[in-house]
Amino acid sequence: AFVRMGDAEAAVFRQLDGQHSLPELITDAEVRFGPGGATRLARLLADLGERGWLEGVEGEASVDGGGRLAHAFKPREYEIRGLGRLFERIYLAGGWVLFTRAALLSMAAVGIAGLLAFAYLIVRRYGTPFVVAQRIGIGAAVFLFGRFLVVALHELAHGLVVSSFGRRVSRAGVKLMLVFPYAFVDTSDGWFEPRRRRFAISAA
């Protein structure tokens, strides 16, 4: 949803106000960028046009296609109001502790131990995942609860890392693909951060 621009490109972008002709825009771009100004202007216009941000240009996102099948597979998002700010409140209320060196080392150790335990169970062919106390119903309930917990912690991690960098989660909620529910957290604000921090948000 973003177009990344440097300072010079942003200055050219400000000229796209309907008051400047194309030759004027090209001249301005060549002054700012040198001989390759026209090419960079064309690239900027293409990026904006693809997103439907230029008047009179239909963006790719606005083109409807695929019929009923594409509509059925199209994810549907249901935003939960106020959930984005919840991550910030959790971080300030004590979630920041998770970003101390001791906490990070502890989580890494737990993760490695979990991988080793999982490998051991696979090799030993131990147990059946859907049977708890000899009952498959209890096992299924435990599995669903565990799945919900994993998803909640997964998205919480993304949201807390965004908050740790002073950014805000703008949207969060539930996404449906066919009948399968997924949680989502919009971490778009993280794209304003340096690459190292963007990696941290994705890897959280």
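You'll find the structure just up there.
Thresholds, definitions, all that
- Residues numbered from 1 in each chain as written.
- Predicted model: local features only at pLDDT ≥ 70, side-chain atom pairs only at ≥ 80, totals over all residues.
- Heavy atoms only, no water.
- Helix = DSSP H or I, 4+ residues; strand = E, 2+ residues; numbered from the N terminus.
- Buried < 20%, exposed > 50% of the residue type's maximum accessible area, 1.4 Å probe, protein only.
- Areas by Shrake-Rupley, 256 points an atom, 1.4 Å probe, with all protein chains shown as cover.
- Axes fitted to C-alpha atoms, helices over the stretch in contact; angles between N-to-C directions.
- Left-handed = near helix turned anticlockwise from the far one by under 90°.
- Contact = heavy atoms within 4.5 Å.
- Nonpolar A, V, L, I, M, F, W, Y, C, P; charged D, E, K, R; others polar.
- Salt bridge = Lys/Arg side-chain N within 4 Å of Asp/Glu carboxyl O.

Remarks on the overall build of the chain
Logical step 1: Of the regular secondary structure elements, the chain holds eight helices and three strands.
Logical step 2: Ordered by position from N to C terminus, the α and β elements of the chain give α-α-α-α-β-α-α-α-β-β-α.
Logical step 3: Scored against the burial criterion, the 204 residues of the chain give a buried share of 19%.
Logical step 4: Accessible surface, the chain as shown: approximately 15100 Å² in total, 63% of it carbon and sulfur.

Regarding the packing of helix H2 (residues 22–33) against helix H3 (residues 37–50)
Logical step 1: Packing of H2 against H3 brings their axes to within 7 Å, and their N-to-C directions diverge by 115 degrees. Taken as a pair, H2 and H3 cross one another with a handedness that is right-handed. Residue-level contacts link Leu-22, Leu-25, Ile-26, Ala-29, Glu-30 and Phe-33 of H2 to Gly-37, Ala-38, Arg-40 and Leu-41 of H3.
Logical step 2: Taken together, the residues of the contact of H2 with H3 sort by class into seven nonpolar, one polar and two charged.

Quick notes on the pattern of salt bridges
Logical step 1: Throughout the structure, instances matching the rule amount to ten salt bridges.
Logical step 2: For the salt bridge of Glu-77 with Lys-175, the shortest nitrogen-to-oxygen distance reads 3.6 Å. With Glu-77 in strand S1 (residues 76–79) and Lys-175 in strand S2 (residues 172–177), this pair connects stretches of sequence that are 98 residues apart.
Logical step 3: Given a relative accessible area of 26%, Lys-175 falls into the partly exposed group.
Logical step 4: Two residues, Glu-79 and Arg-171, come together in a salt bridge whose shortest N-O distance is 3.6 Å. With Glu-79 in strand S1 and Arg-171 in the loop between helix H7 (136–164) and S2, the pair connects residues that are 92 residues apart, well separated along the chain.
Logical step 5: According to the relative accessible area criterion, Arg-171 is partly exposed, its value standing at 27%.
Logical step 6: Overlapping salt bridges bring together Glu-77, Glu-79, Arg-81, Arg-171, Lys-175 and Asp-186 as one network.

Any functional reading would require information beyond the geometric quantities listed.
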